[in-house]
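Structural overview for review
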Amino acid sequence: MTGYVPGRQLQNKTADRTGVPPRAAAPGRPRTGQARTNPARPGPARTSQAPRSNQAPRITALGGGQGLSASLSALRRLTTDLTAVVTVADDGGSSGRLREELGVLPPGDLRKALAALCGDDDWGRTWSEVIQQRFTGTGELGGHAVGNLLIVALWEKLGDPVAALDWVGRLLNVQGRVLPMSAVPLDIEAIVRGHDPARPGEVSAVRGQASVAATPGTVESVRLLPDEPPAAPEAVTAVREADWVVLGPGSWFTSVLPHLLVPELAKALTETRARRLLTLNLAPQPGETEGFTPQRHLEVIADHAPTLAVDAILVDERAVTGGAFGQADLAGLEKAAERMGAALVLGRVARTDGTPRHDPELLAAAYDRIFRTHGRIGPWR
């Protein structure tokens, strides 16, 4: 991890809290002395223990897809008090088929988050591989992920998306909790300039996460349908009770921004006493953010959520000094961060194989240093 580009001085914005949830056991395998939980809602209960300053931080991570999985793979190295709040707008592949046929939330991004948090033992690793396994062939099951079917089956049985995810989490012995952003499936509609290459100046609407992610042209803004969708109450609570909220990395318009467009969740993000960390992507995404500079990524966040203040923004130094973003305007990037109230943090968090993917160990080290440096959390290890 290399130097910090100074932003505003961060201040301690909350009192210490108490309690971390015990690691949940899979159904049918209770630990010795473990109280039985309500089968309808098996989520971990808070316990009153030592002061928060002496414990691992309570972290809520927001996003979807591979970006959120990368963040969770890093954060699980730092805390067991970890909650993933996952976007529910996917309309492609197995998730899209199940959503269209059964009217359920798209399970794919939720499945990926659960897989990223599976226990680091034979049980957890095996189940992580099982839920990610896809059926082959051209029949009705072809292309479906096993985990998607498991999640949807529990949704239908329990009638409660959060309870069902808690049960899957216990089966997989996940290190944390996975929640949907909203209890209703959402659609993304983007305003795109130059969607038709023959009319580069024309502005049109493109609907659907899969279409927006691969759209030609330049995405200028996005919105969610239905308008003002309800947030999952548990997701709102997780944001409000966190020590740190981590947003990104991930597909900028279809995984990162949607959380800021759910009114109750956006309000919680604005009002929470947690510190907020934004993790920038390692490269522009073909279609969705092709041609974007790092500064433009931050401007997009500010345009869609002008009242959101961020405490720190993590950027891979190699990506902005001749890497995927070219030689970025670091002075302009710092100013964009300062306009969001954030300190710009430069570090090395990418894999060394040349692919635009975060290295879990390096990303964990960067998160660790940010959490410690900014004074929210005392030593916990």
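Quick caveat, the model's predicted, so the values are computed rather than measured.

What follows is about the overall build of the protein. Counting its secondary structure elements, the protein contains 13 helices and 13 strands. Counting across all 381 residues of the protein, residues that qualify as buried make up 54%. Taking contacts inside the protein between residues at least 6 apart in sequence as the whole, the part at least 24 apart equals 75%. Of the roughly 15,900 Å² of accessible surface on the protein, a fraction of 52% belongs to carbon and sulfur atoms.

We now examine the packing of aromatic side chains. One pass over the full model with this rule turns up four aromatic pairs. Here the aromatic rings of Trp244 and Phe371 are separated by 5.0 Å at their centres, their planes lie at 45°, and the arrangement is tilted. Here Trp244 is found in strand 8 (residues 244-247), whereas its partner Phe371 is found in helix 13 (residues 360-373), with 127 residues between them in sequence. By the burial criterion, Trp244 is buried, and Phe371 matches it. Note on Phe253 and Phe292: the rings are 6.0 Å apart at their centroids and 80° apart in plane angle, and the pair reads as edge-to-face.

All right, on to the confidence of the model for the protein then. Residue-level pLDDT values for the protein average 85, and 84% of them are 70 or greater. Contacts from residues 43-51, a stretch scored under 50 in pLDDT, to residues over four places away or in other chains number 25 contacts.

Relative to the helices and strands, Ser71 is located in helix 1 (residues 65-75). Setting aside anything within four residues of it in sequence, one finds Ser71 in contact with Val246, Gly248, Pro249, Leu363 and Tyr367.

Conventions adopted
- Residues numbered from 1 in each chain as written.
- Predicted model: local features only at pLDDT ≥ 70, side-chain atom pairs only at ≥ 80, totals over all residues.
- Heavy atoms only, no water.
- Helix = DSSP H or I, 4+ residues; strand = E, 2+ residues; numbered from the N terminus.
- Buried < 20%, exposed > 50% of the residue type's maximum accessible area, 1.4 Å probe, protein only.
- Contact = heavy atoms within 4.5 Å.
- Areas by Shrake-Rupley, 256 points an atom, 1.4 Å probe, with all protein chains shown as cover.
- Phe/Tyr/Trp six-rings, centres within 6.5 Å; stacked < 30°, edge-to-face > 60°.
- pLDDT = per-residue confidence, 0-100.

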